[in-house]
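Fold and contact review
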Number of protein chains: 2
Amino acid sequence: MKILIDAMGGDNAPGEIVKGALMAHSEFGCDIVIVGSGERILQILHEEGISEIPKGMEIVNASQVVEMDDSPATVTRDKPDSSMIQALNLLAKGEGDAIVSAGNTGALLSASTLIVKRIKGIRRASLAPIIPTVKGNALLIDGGANVDCNPEYLLQFAYMGAFCAKRVLGMESPRVGLLNIGGESNKGDELRVETYKLLEHESAGGRLNFVGNIEGRDVVFGAADVIVADGFSGNVFLKTLEGMGLFFADHLKAMFSKNMMSKLAYLAIKPSVLDLKKILDYNETGGAPLLGVGRPVVKAHGSSKAYTIRSAVKQAINLAETRLVSEIIDNIDFMKVNE
Amino acid sequence: MKILIDAMGGDNAPGEIVKGALMAHSEFGCDIVIVGSGERILQILHEEGISEIPKGMEIVNASQVVEMDDSPATVTRDKPDSSMIQALNLLAKGEGDAIVSAGNTGALLSASTLIVKRIKGIRRASLAPIIPTVKGNALLIDGGANVDCNPEYLLQFAYMGAFCAKRVLGMESPRVGLLNIGGESNKGDELRVETYKLLEHESAGGRLNFVGNIEGRDVVFGAADVIVADGFSGNVFLKTLEGMGLFFADHLKAMFSKNMMSKLAYLAIKPSVLDLKKILDYNETGGAPLLGVGRPVVKAHGSSKAYTIRSAVKQAINLAETRLVSEIIDNIDFMKVNE
């Protein structure tokens, strides 16, 4: 197993990315190819007290960096020697089993589609971030890759999300819910009403476990394992969750650090606070797989620190080992809408 | 000032509604007309130890009740003698200054549009729930009334929201943000890109204080006073906030009631917990004004208890006293898009 890592993407690149790569390498024993500024990567290894590149680790030099404000549409052409594009080229050539990048999301999406290519029959590649809930993890698809969707896209998201939840999150029969603004089948806009019918049909055929519409308030309580949404409302949902998580974490911190009494109070209920923090913590899950392209691509959060990168590598290994791409290819006939 | 109250709508009707009406009557000194089953209302007054209808309070008997599963499209025709429809008829005839209902939202929306009528030039009436943030209250428009929107609707929502924030929330120059999935002006779908241009134009003209796109995670930190959204993503956003609020409240409760130590811990930091609960609490704000119809309509939360109804009545009084409807009428020329 060989994982390609874009060392130059994200707020804390390349330092935290390289450290994360080291963690993953020693913890999971996989081969790692770090793509980025060779000089800076070597310097970080040096700072970490590593004088020789560890066995099974490789550095590929890239002279350019994809920045956050680079245009996704032209990045492949404009920055062919960037770490992101180079790593994707290696992936496409089979010189790695999966890629992890914390860089510009739009750029990663469009470059992955251009270089790694979509699976034949898949209309849109889609980001599937993992959402912590009180009952464990759920998967949101689409988390923001496609703002304009049609029912067929959403049907494909449902299938890809279900396969991913099964193979990567280890669920036997993931419950698929449609993010909507009410429970009844006629709720929402035309996109939701039409998608509901498609999902119900696939569920009746035993190929999906569709549990109906779910609302934003039900997700955190674990109402579904796969949450199907268009990229716009999916992203609104995701960022609202994140914002509330941050807000609550801030408030808890302020609450317990106020004075001596509150610090003692913290000690008294520390385990419960840590439980809660785990639910609010995105560092554990690592990143969002990009589903629908021909090889595993994992988008790590832009603010990823070393441990997040390590977790994203774990996800990438899972995606490659469980051969998710093959399952999508094998089921592509069910994922089409005849017009 | 005379407020009409639909006694039969909501999960806790009519008991909590009538009690809320009594609270509002004694606290704000306004006249109240309670519309609903006369027999049941009298019985509740009796249980509250009130043998005579208080001065300034009136009961109007209604023999029907709008249920949660009644069709919004036909409720005006199907249940003409329901408390909701009767109260709206009284409002339209000027026999009351505003109405409060905790009943079927869709029914209230469509019946208000039919009976009270939209303001001339307003394309869609819109729900504007109040969102607690760390910096005080903000207003979301649309909270779920219109799943399909065009840029003109959103422009009108922005104006109506800003007027409402100014008059009802007492803000001098409310900051208007467009709920989107990124900060830059070209983010989101076509609806967002076009609406951004319209809002920017109005802001340049000094008629709106548009602060640009805002993301779901920024709202709770107080990034805008008025959050403009289509009814679908607005409702997803709203329910996600609600869900996270409920989840935190549950978790806090469990955290502090675990054992003797955690109960002591609670005592040590009680004020901070209460601060937090206030931000998570929807009972304080009362309800969501329905903006764009010719007279003030307030939709109280379906799970409203007496205190929520009391707060919704306060909002209704504010809306009527500050003559929000007149401000919308006076500015209608700015709220049009020339095709």
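For the structure itself, consult the block above.
An account of the accompanying structure is given in this report.

Definitions and cut-offs
- Residues numbered from 1 in each chain as written.
- Chains lettered and ligands numbered in written order.
- Predicted model: local features only at pLDDT ≥ 70, side-chain atom pairs only at ≥ 80, totals over all residues.
- Heavy atoms only, no water.
- Helix = DSSP H or I, 4+ residues; strand = E, 2+ residues; numbered from the N terminus.
- Buried < 20%, exposed > 50% of the residue type's maximum accessible area, 1.4 Å probe, protein only.
- Areas by Shrake-Rupley, 256 points an atom, 1.4 Å probe, with all protein chains shown as cover.
- Lys, Arg positive; Asp, Glu negative; His and termini not counted.
- Charge placed at Lys NZ, Arg CZ, Asp CG, Glu CD.
- Contact = heavy atoms within 4.5 Å.
- Buried area = accessible area lost by both parts, 1.4 Å probe.
- Salt bridge = Lys/Arg side-chain N within 4 Å of Asp/Glu carboxyl O.
- Polar contact = N/O pair within 3.5 Å; in protein donor to acceptor, adjacent residues only side chain to side chain.
- Pairing = 2+ DSSP bridges.
- Axes fitted to C-alpha atoms, helices over the stretch in contact; angles between N-to-C directions.
- Least-squares fit on C-alpha atoms with pLDDT ≥ 70 in both.
- Patch = residues over 30% accessible without salt bridge, like charges linked within 9 Å, V, L, I, M, F, W, Y side chains within 5 Å.
- Right-handed = clockwise from strand over helix to strand, strands pointing away.

A few words on the overall build of chain A. When helices and strands are counted, chain A shows 12 helices and 12 strands. Its C-alpha atoms give chain A principal-axis dimensions of roughly 60 × 60 × 35 Å. Per-residue burial over chain A gives 56% buried out of 339 residues. Carbon and sulfur atoms provide 48% of the accessible area of chain A, an area that totals close to 13700 Å². Considering chain A, the positive charge centre built from 35 side chains and the negative charge centre built from 41 side chains are found 2 Å apart.

The next thing to look at is the side chain of serine 233 of chain A. Looking at the secondary structure, you find serine 233 of chain A in helix H9 (residues 231–256). On the accessibility criterion, serine 233 of chain A (1% relative accessible area) is buried. Sequence-distant contacts of serine 233 of chain A, that is, excluding residues within four places in its chain, are made with Leu179 and Arg192 of chain A together with Phe232 and Val236 of chain B.

Attention now moves to the interface of chain B and chain A. On the chain A side, the residues contacting the 48 residues of chain B number 48 residues. Taken over both partners, the interface formed by chain B and chain A buries close to 4200 Å², and the fraction arising from carbon and sulfur atoms is 78%. Our count for the chain B to chain A interface comes out at 4 salt bridges. Lysine 239 of chain A is paired through a salt bridge with glutamate 215 of chain B; the nearest N and O atoms lie 2.3 Å apart. Summed over the shared surface of chain B and chain A, the result is 8 residue pairs in polar contact (both at pLDDT 80 or more). Counting residues per element, the ones that place at least two in the side of chain B that touches chain A are helix H8 (216–219), helix H9 (231–256) and helix H10 (260–280) of chain B. Element by element, the count of residues in the side of chain B that touches chain A is highest for H9 of chain B, at 20 residues.

Here we take up the environment of alanine 204 of chain B. As for its placement among the helices and strands, alanine 204 of chain B is situated in helix H7 (residues 190–204). In this structure the C-alpha to C-alpha distance between alanine 204 of chain B and methionine 57 of chain B, which are 147 residues apart in sequence, comes to 48 Å.

In this section: the sheet that holds strand S8 (residues 175–179) of chain B. All names here are of chain B. Here 5 strands make up an open sheet; going across it, the order is S6-S7-S10-S8-S9 and the pairing mixed. Each edge of the open sheet is held by one strand with a lone partner, namely strand S6 (130–133) and strand S9 (209–214). Adjacent strand axes in the sheet meet at a mean angle of 30° when their direction is disregarded. Two elements, S8 and strand S10 (residues 226–228), share 3 bridges in a ladder whose sense is parallel. Counterpart to leucine 178 in the pairing with S10 is valine 228. Running at roughly 165° to S10, helix H6 (residues 151–167) makes contact with strand S7 (136–141), S8 and S10 of the sheet.

Residue and element names in this part refer to chain B. Sheet architecture is open: 7 strands sit in the order S3-S2-S1-S4-S12-S11-S5, paired in mixed fashion. The two strands at the open ends of the sheet, each matched to only one other strand, are strand S3 (57–61) and strand S5 (126–127). Taken together, the 5 bridges between strand S1 (residues 2–6) and strand S2 (residues 31–36) define a ladder with parallel strand orientation. By the bridge assignment, lysine 2 is partnered in S2 with aspartate 31. Lying over the sheet, helix H1 (residues 15–28) contacts S1, S2 and S3, oriented at roughly 170° with respect to S2. Together, strand S4 (98–101), S5, strand S11 (287–291) and strand S12 (297–300) form the strand contacts of helix H5 (residues 105–115), whose direction differs from that of S12 by roughly 175°.

Before going further, it helps to spend a moment on the relation of the copies chain B and chain A. Each copy superposes on the other: chain B lies on chain A with an RMSD of 0.0 Å after a rotation of 180° and an axial shift of 0.0 Å. Both copies are brought into coincidence by an operation consistent with a two-fold rotation axis. Judged by C-alpha distance, alanine 265 of chain B is the residue of chain B that lies nearest the rotation axis, at 2.0 Å. Mapped onto chain A, 98% of the interface residues of chain B are again interface residues, and the two copies thus contact each other with one and the same surface.

With that settled, the discussion passes to a nonpolar patch on the surface. Together, Met260, Met261, Leu264 and Leu267 of chain A make up an exposed nonpolar region whose accessible area comes to about 460 Å². Looking at the element boundaries, leucine 267 of chain A is found in helix H10 (residues 260–280).

Attention now goes to the pairing of S1 of chain B. All names here are of chain B. The buried fraction of S1 amounts to 4 of the 5 residues, a majority that puts the element mostly inside the structure. For the crossover from S1 across H1 to S2, the handedness is right-handed. Pairing of S1 with S4, which is carried by 4 bridges, proceeds in the parallel orientation. Note that in S4 the partner of leucine 4 across the bridge is isoleucine 99.

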